[in-house]
Each structure stands twice: as C-alpha cells, then as structure tokens.
Amino acid sequence: MTCNLLLVDDHSLIRAGVRALVSDIPGYTVIGEADDGGQLLEHVLRLAPDIVLLDISMRSTSGLDALTQLRANGCLCKVLILSMHTDPEMIMRALESGAHGYLLKDTTATELEQALTALRNEERYLSPAIAHTVINQALLRAQSGRQPSNDGHNLTARQLEILRLIVRGKSTREIASGLGLSIKTVETHRSQIMKRLQIYDVAGLVLFAVREKIISLDD
C-alpha cells in the first residue's frame, strides 16, 4: 500500500529535491505541496496525507504554529519536521507540539527513508545528529524542575535497555538487530514501555530517562 506524503516548505527548490528523493523510495508518493504553514490544515483536510513533511521557518505562519493548529483540530496524520534548525528549544517544542520525528535538511536519502519507514510503522524518529542535543536539553529541563511526573517506572532490565536505545534515536529495526531480537518483540517492549510510563512521545521519554538517571550525557 502506498504511503501518501504532503510537502510543506516555502522553498520550491527544497520541495523539488525532497520530491525527487521520495520518487526513488518504493511505497511512497507525494500527493501535494504547500509553500506556507497557513495552508497546512486546509491541505490536510482536503488530501488526507499519511505523513506531512513540514519545515519550521516559513513566510507567514511557522511550521510549529501550523502544527499546533493541526493538532488543535484533531488531525492525527504523522508529521516529520524537516528543518535546518538545531536549536534545542525549537526541537523540543516541535516534539512537544505533536511532531512524530525531526530530521535535518542535510540528511541523506537513506536517512529520509528510515524516518518515513519509522513513522509509517507507528514509531518516532529523531535524527542521530540531534539526539545528543535533545538529551542535553532534557537534562537542563530536569535540573530546573521542568519534568514530567512519574512515580516509579517498574520497567524490566530489557525494557530499560530498549528505552535507552529509543532515546538515542535508534529505530525498531536497529534495536532488534543490535540486541538479537525480532522486530515484533521490540515493538511489544516499546508499547509496554510507553503504556507503563504513560508517555507517548520521544521528548517525554527523553525527559523521563534523564530524570531517572536511566541515561546521561556521557552515555
């Protein structure tokens, strides 16, 4: 089954480049484009894409404001931020606003495919290039008291191991390969981790892992 994508970026050259990359990835097709965040909701309601590739900095309505509006209207499509910004606060805001992944614009075609595959498989994706940045920002927030409230986690040793890998931006396939487990087993552990913690986004998992000293900047 084809996964339909919507491109939202105010640079036509960027959109053309992404469209060209997507055309070489089996199972994905671009069904629409928009050059401003203000058009996002309209396009999503009209085209019903599976995944939106969204830039942050655009002429009138920013990608983050558009994402907030999208979630406020109950739209559940997956959103992959595709941006040149590496500012920690901006990345965290994107994740907290409902983005399912964050990818830098200097990414490779291979990483783009990995990110799209992750979202298609109900996973999150965080570019390895910014994973350390997100962890660092989470640590600063935890130290300042800006952290989620969880009374114990009761995770098994295996779940803690998988949580560390998730926080570092590893995909389900990479985790399965590294630990010698099946993809289905890792997916089950991932689901159980989120259910036990009642945390369903990467930013929240990072904050929790830092607060509980499950992961540190030296890891």
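The structure presented is a predicted model; accordingly, all values stated were derived computationally and were not measured. Per chain, residue numbering runs from 1 following the sequence as it is written. Restriction of local features to residues with pLDDT of at least 70 applies here, the model being predicted, together with a cutoff of 80 or more for giving and counting side-chain atom pairs; totals for whole chains, interfaces and linings are based on all residues. In computing side-chain properties, one takes all heavy atoms of the structure into account and sets aside hydrogens as well as water.

1. Quick word on the nonpolar core
Then step 1. Counting 53 residues, the largest nonpolar core has Leu40, Val52, Leu54, Leu70 and Tyr102 as the members making the most contacts within it.
Then step 2. Residue contributions to this core peak at seven residues, all from helix α10 (residues 202–211).
Then step 3. Contacts are assigned to residue pairs that have any heavy atoms within 4.5 Å of one another. If we skip the residues at most four places from it in the chain, Leu54 touches Val8, Leu40, Gly63, Leu67, Val79, Leu80, Ile81 and Leu82.
Then step 4. Take the buried residues of types Ala, Val, Leu, Ile, Met, Phe, Trp, Tyr and Cys, join any two whose side-chain atoms come within 4.5 Å, and each joined set is a nonpolar core. Buried residues are those whose accessible area, probed at 1.4 Å on protein chains only, stays under 20% of the maximum for their type, while exposed residues exceed 50% and partly exposed ones sit between those limits. Core analysis: the next-biggest nonpolar cluster, separate from the first, contains 19 residues, Leu7, Val30, Ile51 and Leu116 among them. Where helices and strands are cited, they refer to DSSP runs of H or I of at least four residues and of E of at least two residues respectively, numbered from the N terminus.

2. As for the UniProt feature "domain: Response regulatory" (unreviewed entry) in the protein chain
Then step 1. UniProt positions are given in the numbering used here, feature names are shortened, and annotations may be inferred rather than shown by experiment. Listed under "domain: Response regulatory" (unreviewed entry) in the UniProt record, and renumbered for this structure, are residues 4–120.
Then step 2. The span residues 4–120 carries 44% helix and 22% strand; its end-to-end C-alpha distance comes to 10 Å.

3. Details of helix α4 (residues 88–96)
Then step 1. Inspection of α4 places Ile91, Met92, Ala94 and Leu95 among the buried residues, and these make up the whole buried set. Buried positions in α4, seen along its axis, are confined to an arc of 160° and lie on one side of it.
Then step 2. Two residues or fewer after α4 comes Gly98, characterised by a positive phi angle close to 115°. What the arc covers is the set of directions going from the helix axis to the C-beta atoms.

4. Let's talk about the packing of helix α2 (residues 40–47) against helix α3 (residues 63–72)
Then step 1. Note on geometry: axes are lines fitted to C-alpha atoms, helical ones only across the stretch in contact, with angles between N-to-C directions running from 0 to 180 degrees. The N-to-C vectors of α2 and α3 enclose an angle of 45°; their axes lie 9 Å apart at closest approach. Between α2 and α3, the angle falls in the class oblique. Where α2 approaches α3, its residues Leu40, Leu41 and Val44 are matched on the opposing element by Ala66, Leu67, Gln69 and Leu70.
Then step 2. When residue character is reported, Ala, Val, Leu, Ile, Met, Phe, Trp, Tyr, Cys and Pro are called nonpolar, Asp, Glu, Lys and Arg charged, and the others, Gly included, polar. A class-by-class count of the residues in the contact of α2 with α3 yields six nonpolar, one polar and no charged. Note on terminology: angles under 35 degrees are roughly parallel, angles over 145 are roughly antiparallel, angles of 65 to 115 are roughly perpendicular, and the others are oblique.

5. Considerations on the packing of aromatic side chains
Then step 1. Side-chain rings of Phe, Tyr and Trp (the six-membered ring for Trp) are treated as a pair once their centres are within 6.5 Å; stacked means planes under 30 degrees apart, edge-to-face means over 60, and tilted covers the remaining angles. Across all of its chains, the model carries zero aromatic pairs by this definition.
Then step 2. Sitting over the face of the ring of Tyr28, Arg120 holds its NZ or CZ atom 5.0 Å from the ring centroid. For a ring to carry a charge above it, either NZ of a lysine or CZ of an arginine must fall within 6 Å of the ring centroid while also lying within 35 degrees of the normal to the ring plane.

6. Structural notes on the pattern of salt bridges
Then step 1. The working definition used for a salt bridge is a side-chain nitrogen of Lys or Arg within 4 Å of a carboxyl oxygen of Asp or Glu. Scanning all chains against the criterion turns up seven salt bridges.
Then step 2. A salt bridge links Lys105 to Asp9; the nearest nitrogen and oxygen atoms lie 2.8 Å apart. Here Lys105, found in the loop between β5 (101–104) and α5 (109–120), pairs with Asp9, found in the loop between β1 (3–8) and α1 (12–23); they are 96 residues apart in sequence, far enough to count as distant.
Then step 3. Using a relative accessible area of 4% as the deciding quantity, one classes Asp9 as buried.
Then step 4. Across the pair Asp65 and Arg93 runs a salt bridge, and its minimum N-O distance is 3.1 Å. Taken as a pair, Asp65 in helix α3 and Arg93 in helix α4 lie far apart in primary sequence, 28 residues in all.
Then step 5. The partly exposed category is assigned to Arg93, whose relative accessible area is 38%.
Then step 6. Among the charged side chains, a salt-bridge network with shared partners connects Asp9, Asp55 and Lys105.

7. A word on the side chain of Arg190
Then step 1. Looking at the element boundaries, Arg190 is found in helix α9 (residues 183–197).
Then step 2. Charged residues are defined narrowly, with Lys and Arg counted positive, Asp and Glu counted negative, and His plus the chain ends left uncounted. Buried and unpaired, Arg190 has Glu123 as its nearest opposite-charge partner, separated by 4.3 Å.
Then step 3. Residues contacting Arg190, with those up to four places away along its chain left out, are Glu123, Arg124, Ile166, Lys170, Ser171, Thr172 and Ile175.

8. As for the environment of Asp50
Then step 1. Tracing the backbone shows Asp50 in the loop between α2 and β3 (51–54).
Then step 2. Taking the relative accessible area as the measure of exposure, Asp50 reaches 35% and is therefore partly exposed.
Then step 3. Distance from Asp50 to Tyr28, taken between C-alpha atoms, is 9.9 Å for residues 22 residues apart in sequence.

9. Quick look at the environment of Arg59
Then step 1. Summarising the element assignment, Arg59 is placed in the loop between β3 and α3.
Then step 2. Judged by its relative accessible area of 56%, Arg59 is exposed.
Then step 3. Setting aside chain neighbours within four positions, we find Arg59 in contact with Asp10, Asp35 and Asp36.

10. Notes on the state of the cysteines
Then step 1. Note on disulfides: each one is a pair of cysteine sulfur atoms within 2.5 Å. Under the defined criterion, the tally for this structure stands at zero disulfides.
Then step 2. Looking at Cys3, it has no disulfide partner, and the nearest cysteine sulfur is the one in Cys77, 11 Å off.
Then step 3. Overall, the relative accessible area of 3% leaves Cys3 in the buried class.
Then step 4. Considering cysteine sulfurs only, Cys75 is the nearest to Cys77, which forms no disulfide, with 6.0 Å between them.

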